[in-house]
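Structural characterization, general
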Amino acid sequence: MEVIHVSAECYPVAKAGGLGDVVGALPKYQHQAGHIAKVVMPMYQTKFLNTHEWDVVHKGYTNLGNWWFIYTIIKERHNTLGFDLYLVDINGLLDRERIYGYDDDSARFISFQIAVVDWLSSWKHHPDVIHVHDHQAALIPFMIKHTYRYQQLRDIPTVLTIHNAEYQGWLGWDKSYFIPAWDTWKSGLLEWNNSINALACGIRCAWKVTTVSRSYLEELRGSANGLEALFEYEKGKCTGILNGIDTKVWDPETDRYIENHFNVKSRSGGKAENKKLLCERFALDEKKPLISFIGRLVGEKGADLLPAAIGDSFYYIGRKMNFLILGSGSPVIVENLEKARTLSEGDCSIYIGYDETLSHLIYAGSDFILMPSRVEPCGLNQMYAMRYGTIPIVRNTGGLKDTVRDFGEPDGYGIRFNNAIVGDITQAVWRAVQLYDDPVLMDELRRRMMRLDFSWESSMKHYLDLYASL
Ligand code: ADP
Ligand code: GLC
């Protein structure tokens, strides 16, 4: 099969979160399984762009409303990532340093999608599937099915994977001229709550829709940032397929970002060495349990609860643990975390920013990883943590629910709590501190987790079956 993945992110070219990790891994495993997997993404100004060799494969001329632009498709010459990687260059619009966060993001991602479809319409053959990821690519199923210009593509099967339904790509009707002309009686497909909603449109127009875990799909029918009724209505074409992790990138035995390698057999020494390094760097006490958080500092991740949960943990449990936070996001959360750090007298450290290398050391050197997410479609952090023998403390939601079993259950290994509230987090921290005082059990849980299989092999098979069903 020939599959074209269309996405705003792909690791290691450009990544803001888990979307990048997934699009950097799934096609690689599909390619290894004997299929042709191609990834098409915007050409941002990244280090990867400047350190690799590229061939121009296509140049085209198209329009976003009345703005006509030239786009160029370039391909990475040596297939370094294990699949064919194509970048779409639109001068002045996509070639910027950041992926998101510009005022003209709608224009940027709609132009990107138009360029992709325009390029595909110049091909002499049709791919077997176009697999689009999140709202930045979710208008493609509509464009190929209902716009006059791209009618020749209308029979290509499409799959939309929803990594996060909180972000939907809203666009006022005054900007509807961005989208190439379509049958006006199909306008309802674009509309949700009086505006154009790219994700809602993708859910209606894609042949199949997947979410990145089963529990998340169930939850979306009750809570989907306004799209609940649509998920209920379209449930027949939706499937939950759990993400895998790239076990080549995330392997404590070979990880290129850490110095002290270890495996399930050498776990206790290996983890201790990494913890020592981490604690030295952040002036933490290596004898105390280290509870870390990595992620976007936003409400969705429950990051706003961290400052109070840290304060309450010290108050009610005592200074028996250390906290380490790596993340960036809301300035209010950052300010509150700074206050919590000041009050912690050295038992809490924070690093504001994005640092891939540090994240690997944190997975390797921490005892626990805390994820108090309000919404977690899948979550990769807990799976990376477990592969590095780090016990996840997670809220019972979405993909966290599907991947973490509480150590109080038979064959369990993690810590789960029910509500995204300070009291539940503090209680879970208390359980972690108790557990840390039992080194034999800690070690057994590490052994269990490190043996779990979260690789892409089985998830990838589900995607291949889904494509075949189209
Ligand atoms: P999401 O995509 O919702 O942010 P995931 O758990 O799926 O959450 O994936 C997050 C990915 O981003 C992981 O690879 C995690 O290690 C990484 N990450 C998040 N924040 C940071 C940060 N500040 N520095 C380095 N890596 C980060
Ligand atoms: C999203 C979700 C996260 C998921 C990731 C990859 O960013 O928030 O839970 O793991 O996509 O699918």
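These numbers come from a predicted model, not from an experiment.

Criteria and cut-off values
- Residues numbered from 1 in each chain as written.
- Chains lettered and ligands numbered in written order.
- Predicted model: local features only at pLDDT ≥ 70, side-chain atom pairs only at ≥ 80, totals over all residues.
- Heavy atoms only, no water.
- Helix = DSSP H or I, 4+ residues; strand = E, 2+ residues; numbered from the N terminus.
- Buried < 20%, exposed > 50% of the residue type's maximum accessible area, 1.4 Å probe, protein only.
- Polar contact = N/O pair within 3.5 Å; in protein donor to acceptor, adjacent residues only side chain to side chain.
- Contact = heavy atoms within 4.5 Å.
- Core = buried A, V, L, I, M, F, W, Y, C linked by side-chain atoms within 4.5 Å.
- Domains from an automatic or database assignment.
- Near = heavy atom within 4 Å.
- Areas by Shrake-Rupley, 256 points an atom, 1.4 Å probe, with all protein chains shown as cover.
- Axes fitted to C-alpha atoms, helices over the stretch in contact; angles between N-to-C directions.
- Parallel < 35°, antiparallel > 145°, perpendicular 65-115°, else oblique.
- Left-handed = near helix turned anticlockwise from the far one by under 90°.
- Nonpolar A, V, L, I, M, F, W, Y, C, P; charged D, E, K, R; others polar.
- Buried area = accessible area lost by both parts, 1.4 Å probe.
- Salt bridge = Lys/Arg side-chain N within 4 Å of Asp/Glu carboxyl O.
- 1 Å grid on protein atoms, 1.4 Å probe; cavity = no way out; pocket = protein on both sides within 12 Å on 5 of 7 lines; lining within 4 Å.
- Points joined across faces, edges and corners; volume = space filled by probe spheres on them.
- Pairing = 2+ DSSP bridges.

Checked against the element boundaries, His-131 lands in strand S6 (residues 129–133). Among the residues examined, His-131 registers a relative accessible area of 0% and is labelled buried. Among the polar contacts made by the side chain of His-131, one reaches the side chain of Tyr-467 at a distance of 2.7 Å. Every residue in contact with His-131, bar those within four places of it in the chain, is listed here: Val-3, Ile-4, His-5, Val-6, Leu-26, Val-159, Thr-161, Tyr-463 and Tyr-467.

Time to look at the nonpolar core. Formed by 82 residues in total, the largest nonpolar core has its most connected members in Phe-368 and Ile-393. For this core, the element with the highest residue contribution is helix H14 (residues 422–436), accounting for seven residues. There are two domains that each give this core at least three residues, and those are domain 1 (2–244 + 457–469) and domain 2 (267–452). Residue contacts for Ile-393: discarding those within four places in its chain leaves Ile-291, Phe-368, Ile-369, Leu-370, Met-371, Ile-415, Phe-417, Ala-428 and Ala-432. In terms of nonpolar packing, the next biggest core, distinct from the first, is built from 81 residues, Ile-74, Ala-107, Ala-115 and Ile-203 among them.

Surveying the vicinity of ligand 1 reveals 20 residues, the closest of which are Gly-18, Asp-21, Arg-296, Lys-301 and Tyr-363. Within the contact set of ligand 1, an oxygen atom lies 2.8 Å away from a side-chain nitrogen or oxygen of Arg-296. Contact distances for ligand 1 include 3.0 Å between a nitrogen atom and a backbone N or O atom of Asp-355. Compared with its free state, where it exposes 560 Å², ligand 1 has 93% of that area covered by protein.

This brings us to the packing of helix H9 (residues 306–317) against helix H10 (residues 331–343). It is the contact of H9 with H10, at a shortest axis distance of 8 Å, that shows an interaxial angle of 15°. Put simply, H9 runs roughly parallel to H10. Viewed along their axes, H9 and H10 form a crossing whose handedness is left-handed. Between H9 and H10, the residues in contact are Leu-306, Pro-307 and Ile-310 and Asn-336, Leu-337 and Ala-340, respectively. In terms of residue class, the contact of H9 with H10 is made up of five nonpolar, one polar and no charged.

Taken together, 13 residues form the shell around ligand 2, and within it His-163, Asn-243, Glu-376, Cys-378 and Gly-379 come nearest. Interatomic distance of 2.8 Å between a side-chain N/O atom of Asn-243 and an oxygen atom of ligand 2. Between Pro-377 and ligand 2, the recorded distance is 3.4 Å, taken from a backbone N or O atom to an oxygen atom. Contact with the protein chains removes 92% of the 310 Å² of surface that ligand 2 exposes when unbound. With three residues, the top contributor of residues to the shell around ligand 2 is helix H1 (residues 18–32). Of the residues that make up the shell around ligand 2, three or more belong to each of domain 1 (2–244 + 457–469) and domain 2 (267–452).

Assigned domains within the protein: domain 1 (2–244 + 457–469) and domain 2 (267–452). Between the C-alpha centres of domain 1 and domain 2 the distance comes to 33 Å. The interface is formed by 19 residues belonging to domain 1 together with 16 residues belonging to domain 2. Both sides of the domain 1 and domain 2 interface together cover about 1,400 Å² of buried area, and 52% of this is carbon and sulfur. Remark: the boundary between domain 1 and domain 2 carries one salt bridge. Glu-356 is the salt-bridge partner of Lys-15, the closest N and O atoms lying 3.3 Å from each other. Secondary-structure elements contributing two or more residues to the side of domain 1 that touches domain 2 are H1 and helix H6 (214–220). Considering every element that reaches the side of domain 1 that touches domain 2, the biggest residue donor is H6, with four residues. Considered class by class, the residues forming the side of domain 1 that touches domain 2 number seven nonpolar, seven polar and five charged.

Here the second largest pocket is characterised by a volume of approximately 370 Å³. Lining the second largest pocket are 25 residues; nearest its centre among them are Tyr-11, Pro-12, Lys-28, Asp-246 and Val-249. If you tally residues by element for the lining of the second largest pocket, the top one is H1, at six residues. Taken together, the residues that form the lining of the second largest pocket break down as 13 nonpolar, six polar and six charged.

Another aspect to go through is the sheet that holds strand S9 (residues 191–192). Backbone hydrogen bonds hold the strands of a sheet together, and the pairing may be parallel or antiparallel. Pairing within the open sheet is antiparallel, and its three strands lie in the order S8-S10-S9. Two strands close off the open sheet at either side, each with one partner strand: strand S8 (170–171) and S9.

Within the structure shown, the criterion is met by 27 salt bridges. The shortest N-O distance in the salt bridge between Arg-319 and Asp-347 comes to 3.4 Å. Here Arg-319 is found in the loop between H9 and strand S14 (322–329), whereas its partner Asp-347 is found in the loop between H10 and strand S15 (348–352), with 28 residues between them in sequence. With relative accessibility at 6%, the residue Asp-347 sits in the buried group. Because the salt bridges share partners, they merge into one network encompassing Lys-15, Asp-21 and Glu-356.

Moving on, we come to the sheet that holds strand S18 (residues 415–417). Spatially, the six strands line up as an open sheet ordered S15-S14-S13-S16-S17-S18, and their pairing is parallel. Both outer strands of the open sheet, S15 and S18, are each paired with one neighbouring strand and no more. Going from strand to strand, the sheet's axes swing by 15° on average, the running direction of each strand aside. Two elements, S14 and S15, share five bridges in a ladder whose sense is parallel. Within S15, the position partnered with Leu-324 by the bridge is Ser-349. The sheet strands contacting H9 are strand S13 (290–297), S14, S15 and strand S16 (368–371), and the helix crosses S14 at an angle near 175°. Strands S13, S14, S16, strand S17 (391–395) and S18 of the sheet are contacted by H14, whose axis makes an angle of about 160° with S18.

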